[in-house]
Amino acid sequence: MNDKKNMVFVFFSVMLLALASVVSAPAKPISGDINILFTIPAASLLVILIPAIAINASSNSTLNFSMAGWGGLSFALAIFIQQIIISLYVSLRGAGMVFTIADLAVFGLISGCAQEIMKYIFMKFNRSQKIFERENFITMAVSFGTGFTAVEILFLTLKNITGGMALPAGTINMLIPMIERFSAALLHISFSLFLVYGICTGANYIWLTGAAFIHGFVNFMAGMVMKKIITVESLNFELYLLSFAAAVFLCSYLFIFKKIRNL
């Protein structure tokens, strides 16, 4: 019964926070095939379940939807705080600022720290309150990371609806955001494993710092590509990112997953 109450509370909290984050964005017309706007996030939501299913199958555990909801809520709060800090930074830099490599590095650091610290706070709270004491640590990490990624997809979809977007044409361009979301799922589950392992072993800040640094580095590189400071085709960049995310995920599985399973 408590799990159901938690799930309902978290679900509505996530919806409200996600909507509040984008409601101030000016509405703009959406160009292209409108069906793609819903096809991509729907397919992405299915894609992000792949790493969760793989880990759960190997550990004989199941996805906890209440914990996934808490992961989603942590994203909604993190993105809200992240936007405030970035807005303050931009205002301090002055109107008409030209983004430099240093600015992109700061943005990457802000996003990495905001999101991973919020994950850590929620995980620490859930463990201290013994909300999910019946679940093993693997279920906690995988469910939390999957929920975080799922609400990130929801947020980006709502942002595109309110802010306007040029929808991609062609099968390859439709695959790009799906590849990106799959990479994000691999990374967020890996970072959740980092944080859970840190909490369980007492090395909290070491693993939190590692997760925040890698997260910030990925966002920094994405910003470099978006601002065309680094010139690379979108598909190629997403494939490079997928390779990197897969390597991080594999390392997490080999070196952290088995240790967590024995805790």
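The structure under discussion appears in the preceding block.
Residues numbered from 1 in each chain as written. Predicted model: local features only at pLDDT ≥ 70, side-chain atom pairs only at ≥ 80, totals over all residues. Heavy atoms only, no water.

(A) Representation of the overall build of the protein within the structure. The number of helices and strands found in the protein is nine helices and zero strands. Secondary structure elements of the protein, listed N to C terminal, follow the sequence α-α-α-α-α-α-α-α-α. For the protein, the residues scored as buried account for 45% of the 263 residues in total. Restricting the contact set of the protein to residue pairs at least 6 apart, pairs at least 24 apart contribute 87%. As displayed, the protein has an accessible area near 13,300 Å², and 70% of this comes from carbon and sulfur atoms. (Helix = DSSP H or I, 4+ residues; strand = E, 2+ residues; numbered from the N terminus. Buried < 20%, exposed > 50% of the residue type's maximum accessible area, 1.4 Å probe, protein only. Contact = heavy atoms within 4.5 Å. Areas by Shrake-Rupley, 256 points an atom, 1.4 Å probe, with all protein chains shown as cover.)

(B) Looking closely at the nonpolar core. Core analysis: the largest hydrophobic core is formed by 33 residues, its most contacted members being Met-123, Leu-187 and Phe-194. At the level of elements, helix 4 (65-93), helix 5 (101-128), helix 6 (137-163), helix 7 (171-201), helix 8 (204-226) and helix 9 (234-261) are the ones that each hand at least two residues to this core. When residues of this core are assigned to their parent elements, the largest contribution, ten residues, is made by helix 7. Residues Ile-86, Ile-110, Phe-220 and Met-224 belong to the second largest nonpolar core, which totals seven residues. (Core = buried A, V, L, I, M, F, W, Y, C linked by side-chain atoms within 4.5 Å.)

(C) Quick look at the side chain of Lys-119. Here Lys-119 lies in helix 5. Since its relative accessible area comes to 0%, Lys-119 is described here as buried. Apart from the residues within four sequence positions on either side, Lys-119 is in contact with Ser-74, Phe-144, Phe-148, His-188, Phe-191, Ser-192 and Leu-195.

(D) Focus on the packing of aromatic side chains. Tallying each qualifying case throughout the model produces nine aromatic pairs. Ring plane angle 85° and centroid distance 5.2 Å describe the contact between Phe-75 and Phe-148, whose orientation is recorded as edge-to-face. In this pair, Phe-75 sits in helix 4 while Phe-148 sits in helix 6, placing the two residues 73 residues apart along the sequence. Taken individually, Phe-75 and Phe-148 each receive the classification buried, so the pair is uniform in this respect. Ring geometry for Tyr-197 versus Trp-207: centroids 5.3 Å apart, planes at 90°, classification edge-to-face. Highlighted residues: Tyr-197 in helix 7 and Trp-207 in helix 8, separated in sequence by ten residues. Tyr-197 gets classed as buried once you look at its relative accessible area, which sits at 14%. For Trp-207, a relative accessible area of 24% gives the class partly exposed. Within the aromatic cluster, the residues linked to one another by ring pairs are Phe-191, Phe-194, Tyr-197 and Trp-207. (Phe/Tyr/Trp six-rings, centres within 6.5 Å; stacked < 30°, edge-to-face > 60°.)

(E) Molecular detail of the environment of Gly-108. With respect to the helices and strands, the residue Gly-108 is situated in helix 5. Residues Gly-108 and Ala-212, 104 residues apart in the sequence, show an inter-C-alpha distance of 9.4 Å. Excluding anything up to four places from it in sequence, Gly-108 contacts Gly-216, Asn-219 and Phe-220.

(F) Focus on helix 4. Compared with the 42 Å implied by 1.5 Å per residue over 29 residues, the 42 Å span of helix 4 between its first and last C-alpha is a close match. Within two residues after helix 4, Gly-94 carries a phi angle of roughly 100°, on the positive side. (Expected span 1.5 Å × (residues − 1).)

(G) Seen up close, the environment of Phe-182. Following the sequence through the fold, Phe-182 ends up in helix 7. For Phe-182, a relative accessible area of 21% corresponds to the partly exposed category. Here the alpha-carbon distance between Phe-182 and Leu-242, two residues 60 residues apart in the chain, equals 7.6 Å.

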